[in-house]
Amino acid sequence: MKRILALSIAVLLALGLTACQDERSVMGSLAEVQTDENGDLTALILERDGKRTGVLLAEKTGVWPRGEGSWTGEEAMEAFRKDLQPGNEISAWCYPRKEKLETAEGESIPAYWGQSIQIDGILKRNALTLRDGTAIDVMEGVHFGNDRVYRLPDGTELLRVTNNGGPENHYVMSLESFDDLSPQAQEKVRAYYEAQGPLYDELEELEESYAAYLQSGEAFSCDWIEQDVTPTASNGRVMYFVTSLRMPQRGGRFSYERQLGGAFDRETGEKIDNWDLFAVSEEEVRRRLPELCGWVDEPELRKAMSKALEGDMFVFFPEHVSVDFPPGTLTGEENSYQISLDYKDAPEGFFQPWAVPAREDS
C-alpha cells in the first residue's frame, strides 16, 4: 500500500497539483493518522456522522495549525503534527478525484488528495465536572477559533458558546466601524467591552443544558449561546454599538434575549450615558417613549415599560432608536416586547441634536 501511495504522490506532482481548481471539502474528527517508514505523514482519517473519509497528503499539501498565521514551512508542520490528537476537529480542502484508502482495521474507505488542511478544534477530555459528578469534554476553537462546545464523553453536544470578541471584529455594510474611530477612542472602546465581559453565567447555563438533555433524551438539540458587539450607527461626534446576546430556547423563551446599546465619543472614546443622548429628562423619556412608539395602547403595559427602562437598553440605529424588553422584564408579562421610535417622528427637542445618527443614505 505504501508503494502505491508513493507512486500516486509522484503521479499527482507530475501532473501539477495546483492546476485543478475544483475542490471537495472534508470535515470531521481525527480518527487515525498514517505515516510512511520515515515517519512522514501520508494520510489522515476523519470521521463524521459515523462515516470515515481519508485525506491523502502530498509534498505540496498545505497545513494550517490552530491559531497559526502561516501554513507553510517546517514550523507550521511541526505545530500541525502536535495537534494531530484523536478527536480533534479537522477541515480539509481536497481535489475531487476519489481514491481508496485502507484503515488500520483493514476497512477500505474513500479518500481524496488534500490541497490544504486546517486544525479547527482541540478536544479537552474531562475538562470539568458537573454538580452531579458527570464528566464533560470541551472542544475549543471550532469555527475559526470562536466556539467552545461542551459535550458528554459519548460525543453528545450539550452547549455551544460563540465568542465573537470585541467590536473590532465586526463590520456592517454601509456603516462606519471600529476602524473609523481615532486610535485613542479605539483603545478605550476596546477596554470598555473587555471589561463588560459575558452577560451570562456559562457554567450555570451548562448545568441547565444538561438538565434539559436528561429531560428530553434523544429529542435534545444542542443549546447555543452567542454574544457579540457590532456597530449600529454614527455621526460626526458619536459612534454607536450594540451588544447582542442570544441564549438557548428553554421553557418557551425566545432564543434572542437581550440588546445593550453603547454610545462613545468617536475622538476620545469616552462612554456617553445613554440618558444624556436625550434633550429631555430621564423621567420624560420613561413616560413618553412607550406612547410615542405608536402601538402600546394598554396603560398598564406602558407603565411597566416606563418602570423597566434602563439606560443601556437604548440601541441607536441610523433611522430609529430601539428598546428590547426580554421575557420577564415587564411586570405581569411573560413575553418579550420591542418598541422603537423614528427620529423624524419624535417631538422637537426630544433628542440632543448632536446625538441623532447620520442616515445610511445620506
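Up top is the structure these notes are about.
Since we're looking at a predicted model, the values are computed, not measured.

Conventions we followed
Residues numbered from 1 in each chain as written. Predicted model: local features only at pLDDT ≥ 70, side-chain atom pairs only at ≥ 80, totals over all residues. Heavy atoms only, no water. Axes fitted to C-alpha atoms, helices over the stretch in contact; angles between N-to-C directions. Helix = DSSP H or I, 4+ residues; strand = E, 2+ residues; numbered from the N terminus. Parallel < 35°, antiparallel > 145°, perpendicular 65-115°, else oblique. Left-handed = near helix turned anticlockwise from the far one by under 90°. Contact = heavy atoms within 4.5 Å. Buried < 20%, exposed > 50% of the residue type's maximum accessible area, 1.4 Å probe, protein only. Core = buried A, V, L, I, M, F, W, Y, C linked by side-chain atoms within 4.5 Å. Expected span 1.5 Å × (residues − 1). Phe/Tyr/Trp six-rings, centres within 6.5 Å; stacked < 30°, edge-to-face > 60°. Lys NZ or Arg CZ within 6 Å of the ring centre and 35° of its normal. Pairing = 2+ DSSP bridges.

S.K.: Help me out: how do you make sense of the packing of helix α6 (residues 282-292) against helix α7 (residues 299-308) in this one?
M.R.: The description of two helices packed together rests on the angle between their axes and the distance between the axes. One can describe the packing of α6 onto α7 by two numbers: an axis separation of 8 Å at closest approach and a directional angle of 135°. Between α6 and α7, the angle is such that the two are oblique. Where α6 crosses over α7, the handedness of that crossing is right-handed. Along the contact surface, α6 presents Arg286, Arg287, Pro290 and Glu291, while α7 presents Arg302, Met305, Ser306, Lys307 and Ala308.

S.K.: Looking at this structure, how should I read the environment of Asp342?
M.R.: In this fold, Asp342 is placed in strand β17 (residues 337-342). Considering only alpha carbons, one finds Asp342 and Pro318, 24 residues apart in sequence, at a separation of 9.2 Å.

S.K.: Would you mind going over unusual backbone geometry with me for this structure?
M.R.: A positive phi is found at Asp49, a non-glycine position, where the angle reads about 55°. Positionally, Asp49 belongs in the loop between β2 (41-48) and β3 (51-56). When its relative accessible area of 76% is taken as the criterion, Asp49 is described as exposed. We note that Ser174 has phi near 75°; this positive angle belongs to a residue other than glycine. Here Ser174 shows up in the loop between β10 (157-163) and α4 (183-196).

S.K.: I'm lost on the nonpolar core in this one. Help?
M.R.: If you look at soluble globular proteins, the nonpolar side chains tend to sit buried side by side. Formed by 34 residues in total, the largest nonpolar core has its most connected members in Phe314, Phe316, Phe325, Phe350 and Phe351. Taken together, the elements giving at least two residues each to this core come down to β12 (238-246), α6, α7, β15 (314-316), β16 (320-325) and β17. The element best represented in this core is α7, accounting for four residues. In terms of nonpolar packing, the next biggest core, distinct from the first, is built from 17 residues, Leu41, Leu44, Leu57 and Ile122 among them.

S.K.: Looking at this structure, I do not really get helix α5 (residues 202-216). What am I missing?
M.R.: With 15 residues, α5 extends 21 Å from end C-alpha to end C-alpha; this agrees with the ideal 21 Å at 1.5 Å per step. Positive backbone phi, at 65°, marks Gly217, one or two positions downstream of α5.

S.K.: Looking at this structure, I do not really get the packing of aromatic side chains. What am I missing?
M.R.: Geometrically, a pair of aromatic rings is defined through the distance of the ring centres and the angle of the planes. Under the definition given, this model contains 18 aromatic pairs. Taken together, a centroid distance of 5.3 Å and an interplanar angle of 80° make the contact between Tyr343 and Phe351 edge-to-face. A residue is classified by how much of its surface remains accessible, and Tyr343, at 12% relative accessible area, is buried. One residue, Arg237, lies across the ring of Trp354, its end atom 4.0 Å from the ring centre.

S.K.: Would you mind showing me how to read the sheet that holds β15 here?
M.R.: One key point about sheets: their strands pair by backbone hydrogen bonds, in either a parallel or an antiparallel sense. The strand order across the open sheet formed by three strands is β15-β16-β17, and the pairing between neighbours is antiparallel. Each of the sheet's edge strands pairs with one partner strand only, and the pair in question is β15 and β17. Between one strand axis and the next, the sheet turns through 25° on average, direction left out of account. In terms of strand pairing, β15 meets β16 through three bridges, oriented antiparallel. Bridge pairing in β16 links Phe316 to Val321. On the sheet, α6 packs against β15, β16 and β17 and is oriented at approximately 90° with respect to β17.

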